[in-house]
Amino acid sequence: MRRTLILLPLVLGSTACTTNHWYKGNTHTHTLWSDGDGAPELVAQWYVEHGYDFLVLSDHNILSNTDRWFPVVDAPNSRLTSERVDDLIARYGPDHVQTREVDGKRQMRLHTLDELRAQYEKKGQFLFIQGEEITDHFNNAPVHLNGMNLVDLIKPRGGASVRDVIQNDIDAVIEHGHEHNRPTLAHVNHPNFGWGLTIDDIAHIRGENFFEVYNGHRSVNNYGDKTHPGTEQMWDAALTQRLTELDLGPLFGLATDDAHNHYQLPEGHSNPGRGWIMVRARSLDAESILDAMHRGDFYASSGVTLNKIESDPHKLTIHIDAEPGVAYTTRFVGTRLKADANGDGQPDLGDVGEVLDETMSNPATYEFAGDELYVRAVIISSKPHPNPFAKGDHQMAWVQPIMVAATTR
Ligand SMILES: [Zn+2]
Ligand SMILES: [Zn+2]
């Protein structure tokens, strides 16, 4: 059924789109609307004040567009205490915080996305994209994915297997986009949370091609364990399958916070600020951001900033925005196609996710040999992450794969 080698250069950066800008965003975080501990305005304010350009508040199976009152409870582990209500009043003024008593119990009204927009959104400076963490499962396996730029709530669709659940929920987001005549995007979250998803599950995603290579929540097992691959290994294996036997095209990686804890900073919890994406878009609006992401014109970061990512049919060059006194190691990773050794007339595969080269130069350049199915890059800073996912983490960036030699039927 296959296969001729063709060159499919994906050109990012430089000359063609000089009017594009880098926008910093987090597409995954939680508030009191579901299981986060921060009032939505408090969560939003953190991102506004920390240099983000856009934010997706992605609560579990809910949009913040209804009249919702949250119980104020003074007890251990309560997510909304009188002290926190007082803190909100002190920050925003008494008119901003509405409380009431129902059957002798105090409640606080949660602010809606429309109210947050009125408070924080500013054209060209800060943007909210409405989103939801579609929170589904198959038996004991959690299946979570984020839908972005939604108009109304999407209910998890379930399915007959993990793979089926993922696809049904992705299809729901795609259909939502068609129905409302707007761009949407779905990204598959934390594949190793509850060891829910396998490489095969990620590889078979159709219609969308995004997953979280880095998620800042403490329970998501980004690095795998003795019997499970880490998310980077999953990325390489899934990419290799997608670009050969499945013929499904690239898979792009995101970094997100998945923050739930907005009070207990900085250690030991799932805090904001651990991971984000930098998107190179025409302007700061949902359509441009999603369009750039669908082109793969973004990178994931947990602290390393890049000035420019350039590729042409011969090489990939990464310009790092270097901080003084900090060293950067750039690792180029890919899977090679080898000469046909078994005589079936088709190229064989080299090691999946091989480190093709490593350099400490800036810019960091990798010249394609031409036999790489894809090449992606990881940049590792010598600077420790200030609030790491795991002890000992350094700041990093993940550059999206460039398809060098792909196969076609
Ligand atoms: Zn989740
Ligand atoms: Zn989440």
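Within each chain, residue numbers correspond to sequence positions counted from 1 in written order. Chains carry letters from A onward and ligands carry numbers from 1 onward, assigned in written order. Under the rules for a predicted model, residues below a pLDDT of 70 receive no local features and side-chain atom pairs below 80 are neither given nor counted, while totals for whole chains, interfaces and linings still include all residues.

## As for the overall build of the protein
- By definition, any uninterrupted DSSP run of H or I lasting at least four residues is a helix, any uninterrupted run of E lasting at least two residues is a strand, and each is numbered from the N terminus. Looking only at helices and strands, the protein features seven helices and 23 strands.
- Its C-alpha atoms give the protein principal-axis dimensions of about 80 × 55 × 45 Å.
- In the protein, which comprises 409 residues, the share counted as buried stands at 46%.
- Here the contact rule is simple: place C-beta atoms from the backbone, and any two residues whose C-beta atoms are within 7 Å are in contact. Counting only contacts in the protein whose residues sit at least 6 apart along the sequence, the fraction spanning at least 24 positions is 67%. Counting other C-beta atoms within 10 Å of a residue's own tells you its class, since 20 or more makes it buried, 12 or fewer makes it exposed, and anything in between is partly exposed; those C-beta atoms are placed from the backbone.

## Observations concerning the packing of helix α1 (residues 40–49) against helix α3 (residues 113–120)
- To get an axis, a line is fitted to the C-alpha atoms, and for a helix only the part in contact is used. The angle between two axes follows their N-to-C directions and goes from 0 to 180 degrees. Taken N-terminus to C-terminus, the directions of α1 and α3 make an angle of 40°; their axes are 10 Å apart at the nearest point. Our classification of the angle between α1 and α3 gives oblique. The two elements α1 and α3 cross, and the hand of that crossing is right-handed. Contact residues: Pro40, Glu41, Ala44 and Val48 in α1; Leu116, Gln119 and Tyr120 in α3.
- When its residues are assigned to classes, the contact of α1 with α3 shows five nonpolar, one polar and one charged. Angular relationships are summarised with four words: roughly parallel below 35 degrees, roughly antiparallel beyond 145, roughly perpendicular across 65 to 115, and oblique for the angles in between. Handedness of a helix crossing follows the sense of rotation of the near helix relative to the far helix, less than a right angle counterclockwise being left-handed and clockwise being right-handed. Throughout this entry, Asp, Glu, Lys and Arg are counted as charged residues, while Ala, Val, Leu, Ile, Met, Phe, Trp, Tyr, Cys and Pro are counted as nonpolar. The remaining residues, Gly among them, count as polar.

## Quick look at the nonpolar core
- Under the definition applied here, buried Ala, Val, Leu, Ile, Met, Phe, Trp, Tyr and Cys residues are grouped into a nonpolar core through C-beta atoms within 7 Å. Ile202, Ile289 and Tyr299 are the most contacted members of the largest nonpolar core, which totals 96 residues.
- When neighbours within four sequence positions are excluded, Ile289 is seen to be in contact with Tyr23, Gly25, Phe54, Ile129, Val279 and Ala281.

## With respect to the environment of Gln119
- Note on placement: Gln119 falls in helix α3.
- Along the backbone, Gln119 and Ala44 are 75 residues apart, and their C-alpha atoms lie at a distance of 9.6 Å.

## A look at the sheet that holds strand β16 (residues 315–320)
- Whether two strands pair depends on DSSP finding at least two bridges between them. Strands sit in the order β15-β16-β20 across an open sheet of three strands; the sheet is antiparallel. Both outer strands of the open sheet, β15 (306–311) and β20 (364–367), are each paired with one neighbouring strand and no more. Ignoring which end each strand starts from, the neighbouring axes of this sheet average 5° apart.
- Bridge analysis of β16 against β20 gives four bridges, and the strand direction is antiparallel. Bridged to Thr317 within β20 is Thr365.

## Here we look at the sheet that holds strand β6 (residues 105–109)
- Judged by pairing direction, the sheet is antiparallel, and its three strands sit side by side in the order β4-β6-β5 without closing on themselves. The strands lining the two open edges of the sheet, one partner per strand, are β4 (69–71) and β5 (99–102). If you compare each strand with its neighbour and ignore which way they point, the axes differ by 40° on average.
- Two strands pair when backbone bridges link them, and β5 and β6 are joined in this way by four bridges, in the antiparallel orientation. Bridge pairing in β6 links Thr99 to Met108.

## Section: unusual backbone geometry
- In this chain, Asn362 is followed by Pro363 through a cis amide linkage whose omega measures 5°.
- The backbone of Asn139 sits at a positive phi, close to 50°, despite the residue not being glycine.
- Topologically, Asn139 is positioned in the loop between β8 (131–138) and β9 (141–148).
- Of note, Asp258 is a non-glycine position whose phi angle comes to about 50°, a positive value.
- Within the secondary structure, Asp258 sits in the loop between β12 (252–256) and β13 (276–281).

## Re the environment of Ser34
- Looking at where Ser34 falls in the secondary structure, it is placed in the loop between β2 (21–26) and α1.
- Along the backbone, Ser34 and Glu133 are 99 residues apart, and their C-alpha atoms lie at a distance of 9.9 Å.
- Each residue touching Ser34, except ones within four places of it in the same chain, is listed here: Asp59, His60 and Ile62.

## Focus on the pairing of β13
- With six of six residues buried, β13 lies mostly within the body of the structure.
- Burial of the side chains of β13 extends over both faces: Trp276, Met278 and Arg280 are buried on one face and Ile277, Val279 and Ala281 on the other.
- Sheet analysis places β2 next to β13, joined by five bridges and oriented antiparallel. By the bridge assignment, His21 is partnered in β13 with Ala281.

## Re the confidence of the model for the protein
- Mean pLDDT for the protein: 93, with 94% of residues reaching 70 or above.
- The predictor rates its confidence in each residue with pLDDT, a number between 0 and 100. Below pLDDT 50 for its whole length, residues 1–17 participates in 35 contacts with residues either more than four positions away or in separate chains.

## Details of helix α7 (residues 286–295)
- Taken together, the buried positions of α7 are Ala286, Ile289, Leu290, Ala292 and Met293. End-on view of α7: buried residues confined to an arc of 160°, all on one side of the axis.
- At the C-terminal side of α7, Gly296 shows a positive phi close to 80°. Arc, as used here, means the arc of the directions from the helix axis to the C-beta atoms.

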